[in-house]
Amino acid sequence: FDLLTEKGDLNNWKNYLIIANNIMTPSDPTLIQRAQKAVELFPTNGDIKSLFNLIAVGQQNINEAQQFSASGLNFFNQQNYTQAAEQFEKAIALNPYEYAFYENAATANYLSGNLTKAQEQIDKVINEMNPLNGKCEYIKALIYIKMGDPIGACPLLATARDSGFSQAAATFDQYCR
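Residues numbered from 1 in each chain as written. Predicted model: local features only at pLDDT ≥ 70, side-chain atom pairs only at ≥ 80, totals over all residues. Heavy atoms only, no water.

1. Some remarks on the layout of surface pockets
Logical step 1: Size it by volume and the largest pocket reaches roughly 640 Å³.
Logical step 2: Along its surface, the largest pocket is lined by 18 residues, and Val-39, Lys-49, Tyr-97, Glu-128 and Met-129 are the ones closest to its centre.
Logical step 3: Of all the secondary-structure elements, those providing two or more residues to the lining of the largest pocket are helix 3 (29–41), helix 4 (46–57) and helix 8 (115–129).
Logical step 4: No other element matches the four residues that helix 4 contributes to the lining of the largest pocket.
Logical step 5: Along the lines of polarity and charge, the residues of the lining of the largest pocket split into nine nonpolar, five polar and four charged. (1 Å grid on protein atoms, 1.4 Å probe; cavity = no way out; pocket = protein on both sides within 12 Å on 5 of 7 lines; lining within 4 Å. Points joined across faces, edges and corners; volume = space filled by probe spheres on them. Helix = DSSP H or I, 4+ residues; strand = E, 2+ residues; numbered from the N terminus. Nonpolar A, V, L, I, M, F, W, Y, C, P; charged D, E, K, R; others polar.)

Printed below as a string of structure tokens:
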């Protein structure tokens, strides 16, 4: 491990994680720690993030979480936001590293009126996962607006807009000009 990764080469890290994942026992704490280190070194690399997820969560949990997420999207599209939130939360329980599950759960909880839970879920994304896509800030801004604090939403909307989240611009113009 030390010899392969000492130069900080992305390909060496990926190769190590792929091979180690195939030969080490599932959920090996040392391998999880090394995969986390790779994520810290290469935070924008999707392959490294996927490998970390596979190592930390396992393929079966990833698959089951995706099924709960798909079910949540079905409930969401039927405007059954309470059931949607429950399904997304089941996905989170199986795979707590997928920020989209938190964003979707927060949105569903927001739409069902469970603002406290929505804020807790979206804060986890903003404070710990930071996907830099602007969507999480936009969701939190909507929560602030619904809670009666449109002024508090403005910095979040500005961040979301500046991050390229297209829906944020119109909302910013509506509440912050």
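Here the narrative resumes, following the displayed structure.
2. Re the confidence of the model for the chain
Logical step 1: Looking at the chain, the pLDDT average stands at 94 and 100% of residues meet or exceed 70.
Logical step 2: Mean pLDDT values over the elements of the chain span from 80, in helix 1 (residues 2–5), up to 98, in helix 6 (residues 81–94). (pLDDT = per-residue confidence, 0-100.)

3. Focus on the packing of helix 10 (residues 150–162) against helix 11 (residues 167–176)
Logical step 1: For the pair helix 10 and helix 11, the least separation of the axes is 9 Å and the interaxial angle reads 150°. It follows from the interaxial angle that helix 10 and helix 11 lie roughly antiparallel. The element helix 10 and its partner helix 11 pack so that their crossing is left-handed. From helix 10, Pro-150, Cys-154, Leu-157, Ala-158, Ala-160 and Arg-161 reach across to helix 11, where they touch Ala-168, Ala-169, Thr-171, Phe-172, Tyr-175 and Cys-176.
Logical step 2: Here the residues of the contact of helix 10 with helix 11 sort into ten nonpolar, one polar and one charged. (Axes fitted to C-alpha atoms, helices over the stretch in contact; angles between N-to-C directions. Parallel < 35°, antiparallel > 145°, perpendicular 65-115°, else oblique. Left-handed = near helix turned anticlockwise from the far one by under 90°. Contact = heavy atoms within 4.5 Å.)

4. Some words on the packing of aromatic side chains
Logical step 1: On inspection of all chains with the given rule, the structure shows five aromatic pairs.
Logical step 2: When the ring of Phe-76 is compared with that of Tyr-81, the centres are 5.1 Å apart and the planes differ by 65°; the resulting orientation is edge-to-face.
Logical step 3: The class for Tyr-81 is buried, based on a relative accessible area of 19%.
Logical step 4: Aromatic side chains Tyr-138 and Phe-165 sit 5.1 Å apart centroid to centroid with 45° between the ring planes, which places their arrangement in the tilted category. Taken together, the residues span a long stretch of sequence, with Tyr-138 in helix 9 (residues 135–146) and Phe-165 in the loop between helix 10 and helix 11 at a distance of 27 residues.
Logical step 5: For Tyr-138, a relative accessible area of 12% corresponds to the buried category.
Logical step 6: For Phe-165, a relative accessible area of 16% corresponds to the buried category. (Phe/Tyr/Trp six-rings, centres within 6.5 Å; stacked < 30°, edge-to-face > 60°. Buried < 20%, exposed > 50% of the residue type's maximum accessible area, 1.4 Å probe, protein only.)

5. Things to note about the nonpolar core
Logical step 1: Grouped together as the largest cluster of nonpolar side chains are 32 residues, with contacts concentrated most on Tyr-110, Ile-122, Tyr-138, Ile-143 and Leu-157.
Logical step 2: Breaking this core down by element, the ones donating at least two residues are helix 6, helix 7 (99–112), helix 8, helix 9, helix 10 and helix 11.
Logical step 3: With seven residues, the single largest contributor to this core is helix 9.
Logical step 4: In this structure, Ile-122 is in contact with Glu-103, Ala-106, Cys-136, Ile-139, Lys-140 and Ile-143, ignoring residues within four places of it in sequence.
Logical step 5: Counting 16 residues, the second largest nonpolar core, distinct from the first, contains Trp-13, Tyr-16, Leu-51 and Ile-62. (Core = buried A, V, L, I, M, F, W, Y, C linked by side-chain atoms within 4.5 Å.)

6. Examining the environment of Glu-98
Logical step 1: Tracing the backbone through its elements, the reader meets Glu-98 in the loop between helix 6 and helix 7.
Logical step 2: Look at Glu-98 and you get partly exposed, because its relative accessible area is 25%.
Logical step 3: Each C-alpha atom of the pair Glu-98 and Met-129 lies 8.6 Å from the other, and the pair is 31 residues apart in sequence.
Logical step 4: Once you skip the residues sitting within four places of it in the chain, Glu-98 turns out to touch Asn-53 and Met-129.

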